[in-house]
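Here are the chains, one letter per residue:
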Amino acid sequence: LRPFYDRAQEFDLGAIGDLEKASVIYDRQGKELGRMYVQNRRPVTLDEIPFYLVQAMTATEDSRYFKHNGIDYFGIFRAAFRNLRKSGARAHGASTITMQLGRDAYGLKGGLERKITEAFLARRIEKRISKAKILELYLNRIYFGEGYHGISSAAEGYFGKPVKDLTMGESAILAGMPKSPNAYSPRRYPSRSKERRDYVLGRMVIEDMISAEERDLWQETPIRTAAKVTEEEWSNYVYEQIRQRVVDNLGNQRALSGGFHIYTTIDSKLQAAAE
């Protein structure tokens, strides 16, 4: 195991919070006109995230999150037992939220060797960073499909609202997505998304986070998503003029990943009428 331990020591934990942030363009009334990004992400603090979303995520992805030290040994044995019982079927994993954060932050790839490195890295992360901060980094980093990176972009993209305004049902939908973001898209596959949401709500009951009555109420709630806004719906002329000016002043890389707020004198209604 020594080579995997040594590799896990090489990663700079100081860089684990480094995230590309989309730069947002606003019109004169403060309405969003568009974004410039490599990855569509707008980080938020844990205080802005509803507690029931955190509960939904941990119940689904890592139910022992607040009890383990980065490695869920109980989960490993459970996964191994399931895999032995279902020989030839899809293998069950045992990655904790901390292990997933390390994998995503440092781009770890591979099979068993990657898992071992992840485990050693997760122990380092848990010794250095608090549980709350790990959750914040995880929720801001993970991918939710359709180009949305991080929980804030997913909330705005799928439901047209800030993450703090998500309902429990919407939170359960997003909490169920990391396993397969594209397959559980509430916009593209609402029936699959509902099944996954209902599973997450059931997990929350098992973990004594919500009552059976609350679960039933949200399982009966229909899924409603916001219309997807794409670059094609913004004025190509205006967007390109703004992009060129920003890049001239900041440089392309900073403009795409610096998380700037770009305010313009454009009046969206007048621009639309002119076009």
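Scroll up a little and you will see the structure.
To keep things clear, this report deals only with the structure shown in the data block. Since the structure is predicted, the reported quantities are computational estimates derived from the model, not experimental observations.

The subject of this paragraph is the overall build of the protein. Within the protein, the secondary structure is distributed over 13 helices and three strands. In terms of overall size, the protein behaves like a compact globule, its C-alpha atoms giving a radius of gyration of 21 Å where 275 residues would be expected to give roughly 19 Å. Each principal axis of the C-alpha distribution contributes one length, and for the protein these read about 65 × 50 × 35 Å. Sequence-distant contacts in the protein: of pairs separated by 6 or more residues, those separated by 24 or more amount to 65%. Per element, the accessible surface of the protein, about 14,900 Å² overall, is 51% carbon and sulfur. The average position of the 43 basic charges and that of the 36 acidic charges among the side chains of the protein differ by 5 Å.

Further remarks concern the packing of aromatic side chains. Going through the model one piece at a time under the given rule, you end up with six aromatic pairs. A ring pair is formed by Y148 and Y158, whose centres lie 4.9 Å apart and whose planes are at 75 degrees; its orientation type is edge-to-face. With Y148 in the loop between α6 (131–141) and α7 (151–159) and Y158 in helix α7, the pair connects residues that are 10 residues apart, well separated along the chain. Like Y158, Y148 is buried. What links up through ring pairs into an aromatic cluster is the set Y148, Y158 and F159. When the ring centre of Y65 is taken as origin, the NZ or CZ atom of K131, which lies over that ring, is 4.3 Å away. When the ring centre of Y189 is taken as reference, the NZ or CZ atom of R192 above it lies at 4.1 Å.

Taken as a whole, this structure holds 20 salt bridges when the rule is applied. R114 is the partner of E118 in a salt bridge, and the nearest nitrogen-oxygen pair spans 2.7 Å. Of this pair, E118 and R114 both sit in helix α5 (residues 112–128), four residues apart, which is roughly one turn of that helix. Residues E118 and R114 agree in their burial class; the two are buried. Of the charged contacts, one joins E126 and K131 as a salt bridge, the two residues approaching to 3.1 Å between their closest N and O atoms.

This part covers the side chain of T117. Relative to the helices and strands, T117 is located in helix α5. Among the residues examined, T117 registers a relative accessible area of 1% and is labelled buried. Of note is the side chain of T117, whose polar atom sits 3.1 Å from the backbone oxygen of E113. In this structure, T117 is in contact with F4, R7, A8, F11 and L108, ignoring residues within four places of it in sequence.

Positive phi, close to 55 degrees, is recorded for E146, a residue that is not glycine. Of note, E146 is situated in the loop between α6 and α7.

What follows is about the sheet that holds strand β3 (residues 261–263). Strand order in the open sheet made by the three strands is β2-β1-β3, with mixed pairing throughout. The two strands at the open ends of the sheet, each matched to only one other strand, are β2 (32–36) and β3. Sheet twist, expressed as the mean angle between neighbouring strand axes with direction ignored, is 25 degrees. Strand direction decides the pairing type here: strand β1 (residues 23–26) and β3, joined by three bridges, are parallel. Across the sheet, the residue bridging to Y26 is Y263, located in β3. On top of the sheet, helix α11 (residues 236–250) reaches β1, β2 and β3; it is set at about 50 degrees to β2, its chief contact.

Residues F144, I151 and L174 are the most contacted members of the largest nonpolar core, which totals 45 residues. Looking at this core, the elements that each hand over two or more residues are α2 (51–61), α4 (97–106), α5, α6, α7, α8 (168–175) and α9 (190–206). Once residues within four sequence positions are removed from consideration, L174 is found in contact with M57, F144, I151, A154, A155, Y158, F159 and L166. Residues I25, L33, V247 and L256 belong to the second largest nonpolar core, which totals 10 residues.

Reading guide: rules and limits
Residues numbered from 1 in each chain as written. Predicted model: local features only at pLDDT ≥ 70, side-chain atom pairs only at ≥ 80, totals over all residues. Heavy atoms only, no water. Helix = DSSP H or I, 4+ residues; strand = E, 2+ residues; numbered from the N terminus. Rg over C-alpha atoms; globule rule 2.2 N^0.38 Å. Contact = heavy atoms within 4.5 Å. Areas by Shrake-Rupley, 256 points an atom, 1.4 Å probe, with all protein chains shown as cover. Lys, Arg positive; Asp, Glu negative; His and termini not counted. Charge placed at Lys NZ, Arg CZ, Asp CG, Glu CD. Phe/Tyr/Trp six-rings, centres within 6.5 Å; stacked < 30°, edge-to-face > 60°. Buried < 20%, exposed > 50% of the residue type's maximum accessible area, 1.4 Å probe, protein only. Lys NZ or Arg CZ within 6 Å of the ring centre and 35° of its normal. Salt bridge = Lys/Arg side-chain N within 4 Å of Asp/Glu carboxyl O. Polar contact = N/O pair within 3.5 Å; in protein donor to acceptor, adjacent residues only side chain to side chain. Pairing = 2+ DSSP bridges. Axes fitted to C-alpha atoms, helices over the stretch in contact; angles between N-to-C directions. Core = buried A, V, L, I, M, F, W, Y, C linked by side-chain atoms within 4.5 Å.

That is the geometry; function is a separate question.
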